[in-house]
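Listed below are the residues making up each chain.
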Amino acid sequence: MAYSEEARIIGIDRLLLRLFKESDAPEVTRLCNNYNIYKNTLYLPYLYYKEDALIWIKDHFENFEEERSFEFAITDKLTGKLYGAIALSNQSKFSNGELAYWIGEEYWGNGYATEAAEAVLEFAFAEKGYHKVFARYFHTNPASGRIMEKIGMKKEGTLKEHLKKDDEYIDLIFFRILEQ
């Protein structure tokens, strides 16, 4: 992983993780206006509009500067094509944060989330001095859990019927990794 603090980018094998720009809003809208993304995420609305993308992107730079959270666009290193997003919250008081990600459905199965997540874990531990990174996924989205396992995270537990989405109770499965 090559991290540039000045540019706020992480370069890895196939990907470049960078801050979102307002000009990304149309593509974010296209990727997120997808029921299969919505049903596996906690906060994305459905239908998803350009205004949703603009509101979401608006505070990323300030959040990064203030070290509240680090939200990266997952892009192709050569073409710049946007594949999805990966974020790391920062609970500096506890030296930990939550890892969260989404990938546009047309790009599922290519390893982009795994590659980005590995890089963000390294960023969390090597650059930001975290002790622990945690993540969670809906029991209805086992592919997300497989990503967590691939990057070395361990299952901490399941919160049974913890959330209600579309009138259905959903188990929330938690994973973690400690600084090594």
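Everything here concerns the structure above.
Residues numbered from 1 in each chain as written. Predicted model: local features only at pLDDT ≥ 70, side-chain atom pairs only at ≥ 80, totals over all residues. Heavy atoms only, no water.

**Side note on the overall build of the protein**
A count of helices and strands for the protein gives 6 helices and 9 strands. Rg of the C-alpha trace for the protein: 16 Å, near the compact-globule value of 16 Å for 180 residues, within the 12% margin. Taken over the C-alpha atoms alone, the protein extends approximately 45 × 40 × 30 Å along its principal axes. For the protein, with 180 residues in total, the buried portion stands at 48%. Residue pairs at least 24 apart in sequence account for 60% of intrachain contacts in the protein once pairs closer than 6 positions are excluded. (Helix = DSSP H or I, 4+ residues; strand = E, 2+ residues; numbered from the N terminus. Rg over C-alpha atoms; globule rule 2.2 N^0.38 Å. Buried < 20%, exposed > 50% of the residue type's maximum accessible area, 1.4 Å probe, protein only. Contact = heavy atoms within 4.5 Å.)

**Comments concerning the sheet that holds strand β2 (residues 9-11)**
Spatial ordering of the open sheet is given by β1-β2-β3-β4-β5-β6-β7-β9-β8, a layout of 9 strands whose pairing is mixed. The sheet is open, and its two borders are formed by β1 (2-4) and β8 (154-165), each paired with just one other strand. Averaged over all neighbouring strand pairs, the angle between strand axes comes to 25°, with direction disregarded. Where β8 lies against strand β9 (residues 168-178), 8 bridges are found, and the strand directions are antiparallel. Of the residues in β9, the one forming a bridge with Leu-163 is Ile-170. Docked against the sheet, helix α1 (residues 25-32) engages β5 (82-89) and β6 (96-103), running at close to 90° with respect to β5. Helix-sheet contacts for helix α5 (residues 112-127) involve β1, β2, β3 (15-18), β4 (69-76), β5, β6, β7 (132-138) and β9, and the interaxial angle to β5 is about 30°. (Pairing = 2+ DSSP bridges. Axes fitted to C-alpha atoms, helices over the stretch in contact; angles between N-to-C directions.)

**Quick word on unusual backbone geometry**
With an omega dihedral of 5°, the bond running from Tyr-46 to Leu-47 counts as a cis peptide bond. Within the secondary structure, Leu-47 sits in the loop between α2 (35-38) and α3 (50-58). Located in the positive-phi region is Arg-8, a residue other than glycine, with phi close to 55°. Here Arg-8 shows up in the loop between β1 and β2. Residue class for Arg-8 comes out buried when judged on its relative accessible area of 17%. Although it is not a glycine, Asp-167 sits at a positive phi angle of roughly 65°.

**Quick word on the layout of surface pockets**
Its volume calculated, the largest pocket comes out at about 1,200 Å³. What lines the largest pocket is a set of 43 residues, and nearest its centre among them are Asn-40, Thr-41, Ala-100, Tyr-101 and Trp-102. Each residue belonging to the lining of the largest pocket can be placed in one class, and the counts come to 26 nonpolar, 11 polar and 6 charged. (1 Å grid on protein atoms, 1.4 Å probe; cavity = no way out; pocket = protein on both sides within 12 Å on 5 of 7 lines; lining within 4 Å. Points joined across faces, edges and corners; volume = space filled by probe spheres on them. Nonpolar A, V, L, I, M, F, W, Y, C, P; charged D, E, K, R; others polar.)

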